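Summary of structural features
Below are the chains, spelled out letter by letter.
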Amino acid sequence: MTRSVRRLALFSVIALLTATALAAQDKQPAPKVPGTETYPLGPDSQEHPDVPKGRFLQKSLKSKVYANTDRDLGIWIPPGYDSSKPHRVMVFQDGVTYADRKGGFRVSVVLENLIHKKELPPIICIYIQPGYQLDSEGKRNTDRNNANAVRSLQYDTLSPKYAEFLEKEVLPMVGEEFNLTKNADERCICGLSSGGICAFTVAWERPDLFRKVISHYGSFTNIRGGHEYPSKIRKTPKKPIRVFLQDGLNDLDNEHGNWPLANQEMAAALKFAKYDYRFEFGLGGHNAAHGGSILPETLKWIWRPAATTTTSR
């Protein structure tokens with residue numbers, strides 16, 4: 001066999017092997033993009049016909065603390081509510097997202113299941129919307145940019161003002177009708193994104209009001225100075241609060257900062273300062289998928305009787 005014939009034969013073999021490899025590759029499923037995998041909702045996030053349902057009431061509140069604003073809020077009363085006994089309280093920022101029984105979190109559905117199984121006691125939920133600015137005629141300014149500005153001012157600002165709003169306006173209004181606990185250890189505040197940093201700020205500023213925090217993909221970035229919290233946690237005497245953080249590798253990265261890195265910094269600071277905390281870090285993005293899928297375990301963890309360990313996953 002001449003050299004040219006041998007070379008042609010070798011090229012033919014290489015071409016055949018390459019074509020075979022490409023054909024095999026075409027038959028393989030496309031690789032998953034990190035963060036797009038499904039976080040399924042388990043049985044505790046589904047409605048069951050034999051599980052008693054709670055009651056949901058719609059309210060509105062015009063604020064004096066946040067002057068010239070009003071907002072909608074929902075109150076969820078658990079099955080088995082006994083007006084003679086003070087009840088534990090959970091407050092949710094961006095309440096509509098958490099209250100939606102067909103949404104990503106389904107808080108009321110999860111609580112109904114856990115209360116029915118006696119894994120949690122009855123808990124009253126207050127779902128608060130950030131609200132709207134009122135014009136000179138008392139009508140809501142529903143322009144999206146204006147509503148976002150109102151939300152950011154309330155949620156992203158590092159001050160005790162939102163805690164004051166809860167203390168002086170929200171809790172008294174709900175407390176006129178329902179028996180709410182005054183024990184800060186039996187109050188939990190929750191939020192997502194900017195609502196997540198808001199929840200932390202309330203407990204940080206006023207642990208006499210709230211001592212339990214749940215933050216889903218919290219905005220601990222420099223929107224209004226939230227990136228300073230890790231340093232504050234490390235340098236400030238430990239406060240009597242319990243903190244649950246959730247975020248994912250594919251969360252936001254923009255001019256305000258990197259959400260995954262910011263949440264990891266928060267977790268590292270809480271660990272350094274020996275807080276009772278838990279950090280669940282997955283592959284998800286800026287959405288409810290991951291936090292919703294683990295919400296039943298989150299609620300059982302945040303309401304467990306005693307602080308024992310700090311964990312990060």
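Residues numbered from 1 in each chain as written. Predicted model: local features only at pLDDT ≥ 70, side-chain atom pairs only at ≥ 80, totals over all residues. Heavy atoms only, no water.

1. Here's the deal with the packing of aromatic side chains
Convention followed: Pairing of aromatic rings covers Phe, Tyr and Trp, the last counted by its six-membered ring, and requires centre-to-centre distances within 6.5 Å; plane angles under 30 degrees mean stacked, over 60 mean edge-to-face, and any other angle means tilted. Numbering of helices and strands runs from the N terminus; a helix is a DSSP stretch of H or I covering at least four residues, while a strand is a stretch of E covering at least two. For every residue, the accessible area (1.4 Å probe, protein chains only) is compared with the maximum for its type, and the residue is labelled buried under 20%, exposed over 50%, or partly exposed between those bounds.
Under the definition given, this model contains 15 aromatic pairs. Ring centres 5.3 Å apart and planes at 55° place the aromatic pair Tyr162 and Phe165 in the tilted group. A residue pair is termed a helical-turn pair when its members lie 3 or 4 positions apart in one helix, as Tyr162 and Phe165 do in helix α5 (residues 161-175) at 3 residues. Since its relative accessible area comes to 3%, Tyr162 is described here as buried. Residue Phe165 is classed as buried on the basis of its relative accessible area of 0%. When the ring of Phe244 is compared with that of Trp301, the centres are 6.2 Å apart and the planes differ by 55°; the resulting orientation is tilted. Highlighted residues: Phe244 in strand β9 (residues 242-248) and Trp301 in helix α10 (residues 295-302), separated in sequence by 57 residues. Given the relative accessible area of 10%, Trp301 is considered buried.

2. Brief notes about the pairing of strand β4 (residues 123-128)
Which entries qualify depends on this criterion: Only when DSSP finds a minimum of two bridges between them are two strands counted as paired.
The buried fraction of β4 is high, at 6 of 6 residues. Covered by surrounding structure in β4 are Ile123, Cys125 and Tyr127 together with Ile124, Ile126 and Ile128, the residues of both alternating faces. One ladder, built from 4 bridges, connects strand β2 (residues 69-77) with β4; its direction is antiparallel. Counted as the bridge partner of Leu73 is Ile128 from β4. By the bridge criterion, 6 bridges tie strand β3 (residues 88-93) to β4 in an arrangement that is parallel. For Phe92, the partnering residue across the bridge sits in β4 and is Tyr127.

3. Quick look at the side chain of Glu112
Heads up, the rule is: Two N or O atoms form a polar contact when they lie within 3.5 Å of each other; inside protein one atom must be a possible hydrogen donor and the other a possible acceptor, and for residues adjacent in sequence the pair counts only when both atoms belong to side chains. Residues count as neighbours in contact if any of their non-hydrogen atoms are within 4.5 Å of one another.
Along the chain, the position of Glu112 falls in helix α3 (residues 107-116). In terms of polar contacts, Glu112 uses its side chain to reach the backbone amide nitrogen of Gly54, at 2.8 Å. Aside from chain neighbours lying at most four places away, what touches Glu112 is Val51, Pro52, Lys53, Gly54, Trp76, Pro79 and Arg101.

4. Topic: the environment of Arg211
Note on placement: Arg211 falls in the loop between α6 (194-205) and β8 (212-216). In this structure, the C-alpha to C-alpha distance between Arg211 and Asp185, residues 26 residues apart in sequence, is 5.3 Å. The residues contacting Arg211, other than those within four sequence positions of it, are Ala184, Asp185, Arg187, Pro240, Ile241 and Arg242.

Taken by themselves, the reported measurements are silent on function.
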